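# Observations on the three-dimensional arrangement
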Amino acid sequence: MFHVLTWLLVASLLVLWSLTAWALHAALTWSGAQAGGLADLPGRVASQSLPEWLTAWLPPAALETLGSMLTALRPAFESLLAYAPAALAWLSPVVWVGWAFGCILLLVAGLVVSGLIKLFMRKQATSVAA
């Protein structure tokens, strides 16, 4: 019975691991496809104003600092977007290699736990017989 519970847990973790890898791959693919549409994102963020209830709590210097930070980060963001399609060429395989590595680790962990259960069952059977 312990073997069944062990392998059900391993199978559940494999399903969860696979879904996580699939979701990460889908998010990477989507973000790569949307990279061109995100080019004007810093301009849109800079043009937005904070809610009045928040500006009442922030000092004016903090608001100016936030605006200057957004302006300073805009070139870096745009250069990162330029590399997004090239990054997808190697990020997608990295996700799936990580998935395979995780699956192997989960299967090895299941084998180790199953072996430990077998060892303890054998030890318990010999101590009861003696």
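Residues numbered from 1 in each chain as written. Predicted model: local features only at pLDDT ≥ 70, side-chain atom pairs only at ≥ 80, totals over all residues. Heavy atoms only, no water.

## Regarding the overall build of the chain
Secondary structure assignment for the chain yields four helices and zero strands. A burial count over the chain gives 15% of its 130 residues as buried. By sequence separation, contacts in the chain at least 24 residues apart represent 91% of the contacts at least 6 residues apart. Put simply, the chain shows about 9,700 Å² of open surface, and 77% of that area lies on carbon and sulfur atoms. (Helix = DSSP H or I, 4+ residues; strand = E, 2+ residues; numbered from the N terminus. Buried < 20%, exposed > 50% of the residue type's maximum accessible area, 1.4 Å probe, protein only. Contact = heavy atoms within 4.5 Å. Areas by Shrake-Rupley, 256 points an atom, 1.4 Å probe, with all protein chains shown as cover.)

## Let's talk about the packing of aromatic side chains
Tallying each qualifying case throughout the model produces one aromatic pair. Aromatic pair Trp-96 and Trp-99: ring centres 5.8 Å apart, planes at 75 degrees, arrangement edge-to-face. Residue Trp-96 and its partner Trp-99 are located together in helix 4 (residues 60-129), separated by three residues, close to a single helical turn. With relative accessibility at 32%, the residue Trp-96 sits in the partly exposed group. (Phe/Tyr/Trp six-rings, centres within 6.5 Å; stacked < 30°, edge-to-face > 60°.)

## Observations regarding a nonpolar patch on the surface
A surface patch of nonpolar side chains, amounting to about 650 Å² of accessible area, comprises Met-1, Phe-2, Val-4, Leu-5, Leu-8 and Met-121. A per-element tally of the nonpolar patch places helix 1 (residues 2-33) first, with four residues. Looking at the element boundaries, Val-4 is found in helix 1. A residue is classified by how much of its surface remains accessible, and Val-4, at 52% relative accessible area, is exposed. (Patch = residues over 30% accessible without salt bridge, like charges linked within 9 Å, V, L, I, M, F, W, Y side chains within 5 Å. Salt bridge = Lys/Arg side-chain N within 4 Å of Asp/Glu carboxyl O.)

## Section: the side chain of Thr-6
Note that Thr-6 resides in helix 1. Excluding residues within four positions of it along the chain, Thr-6 makes contact with Gly-110, Val-113, Ser-114 and Ile-117.

## Side note on the confidence of the model for the chain
On average, residues of the chain carry a pLDDT of 85, and 88% of them reach 70 or more. Mean pLDDT in the chain bottoms out at helix 2 (residues 41-47), which sits at 67, and peaks at helix 1, which reaches 91. (pLDDT = per-residue confidence, 0-100.)

## Quick word on the environment of Ser-68
Relative to the helices and strands, Ser-68 is located in helix 4. Looking at Ser-68, its side chain comes within polar contact range of the main-chain oxygen of Thr-65, at 2.9 Å. (Polar contact = N/O pair within 3.5 Å; in protein donor to acceptor, adjacent residues only side chain to side chain.)

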